[in-house]
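Breakdown of the fold
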Amino acid sequence: IYETYMKWYHNDIMRFPEAWQTYEVTGSGVTVAVIDNGFNTSATDFPANLWDDGNGNHGWNTYDNTNDISPVYIDSETLADDGNHGSNVAGVIGMKANGANGIGGAYSAELMLIKVATYLPLTQSDGTVTKKTTISASALAEAISYAAANGADIINMSLGSTAYSSAVKEQIDNAYAMGCVLVAAA
């Protein structure tokens, strides 16, 4: 369904062309930090307008404290069910038109990619163990801090949590004080 029908449904729902015409903005001169579960930067359709830290890195992995921003895998060969969520979000924000697919809302923006997730076993209240993509509060707090410190104008977080974190709140407040616009979908 994703490949044949819904891949670029957002162009119709969000009415990007009308917004560009009305407001004359395409993201030019703006750095958007995409905080998510990882990114398939080698995919044919992946946005090419990537931020660079000066060392060839397009972001950071705050979960592992490395420059590995690849999608979340269950094992060395199996992509997690939601493993490409970050890639999709980056495309919705910053995909440039290539004639084959849709176009992102801010297709001229520079994308800073920050991975915050891993795949871990979780023990449920009934004692059963399941595995799922997991984001720690410390990784999220560090990601927000990294984005703000490295010049992000906008920080996008398409993720959720059931717990309050004072560390995350502190970094949100700090980023806001530095002039970042923070956008969250949960």
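For clarity, every value in this text was computed on a predicted model and none was experimentally measured. (Residues numbered from 1 in each chain as written. Predicted model: local features only at pLDDT ≥ 70, side-chain atom pairs only at ≥ 80, totals over all residues. Heavy atoms only, no water.)

A few points about helix α6 (residues 166-177)
With 12 residues, α6 ought to run about 16 Å at 1.5 Å a step, and its terminal C-alpha atoms sit 16 Å apart, in line with that. Its side-chain oxygen at 3.3 Å from the backbone nitrogen of Ala167, Ser165 defines the N-terminal cap of α6. Directly after α6, the chain includes Gly179, whose backbone phi takes a positive value near 100°. (Helix = DSSP H or I, 4+ residues; strand = E, 2+ residues; numbered from the N terminus. Expected span 1.5 Å × (residues − 1). Polar contact = N/O pair within 3.5 Å; in protein donor to acceptor, adjacent residues only side chain to side chain.)

Some remarks on the pairing of strand β1 (residues 31-36)
The element β1 is extensively covered by neighbouring structure, given that 6 of its 6 residues are classed as buried. Note: β1 against strand β3 (residues 110-115), 6 bridges, orientation parallel. Looking at the pairing, Val32 lines up with Leu111 of β3. As paired elements, β1 and strand β6 (residues 154-158) share 4 bridges and run parallel to each other. Bridged to Val34 within β6 is Asn156. (Buried < 20%, exposed > 50% of the residue type's maximum accessible area, 1.4 Å probe, protein only. Pairing = 2+ DSSP bridges.)

Considering the sheet that holds strand β2 (residues 59-61)
If you trace the 5 strands from one edge of the open sheet to the other, you get β2-β3-β1-β6-β7, paired in parallel fashion. Taken across any chain shown, the strands that pair with only one partner, and hence form the sheet edges, are β2 and β7 (181-185). When the angles between neighbouring strand axes are averaged without regard to direction, this sheet yields 15°. Both β2 and β3 contribute to a ladder of 3 bridges, which runs parallel. Residue pairing across strands places Trp60 opposite Ile114, the latter belonging to β3. Strand contacts of helix α4 (residues 85-94): β1, β3 and β6, with the helix running at about 160° to β1, the strand carrying the most contacts. (Axes fitted to C-alpha atoms, helices over the stretch in contact; angles between N-to-C directions. Contact = heavy atoms within 4.5 Å.)

Nothing here speaks to function; it is all geometry.
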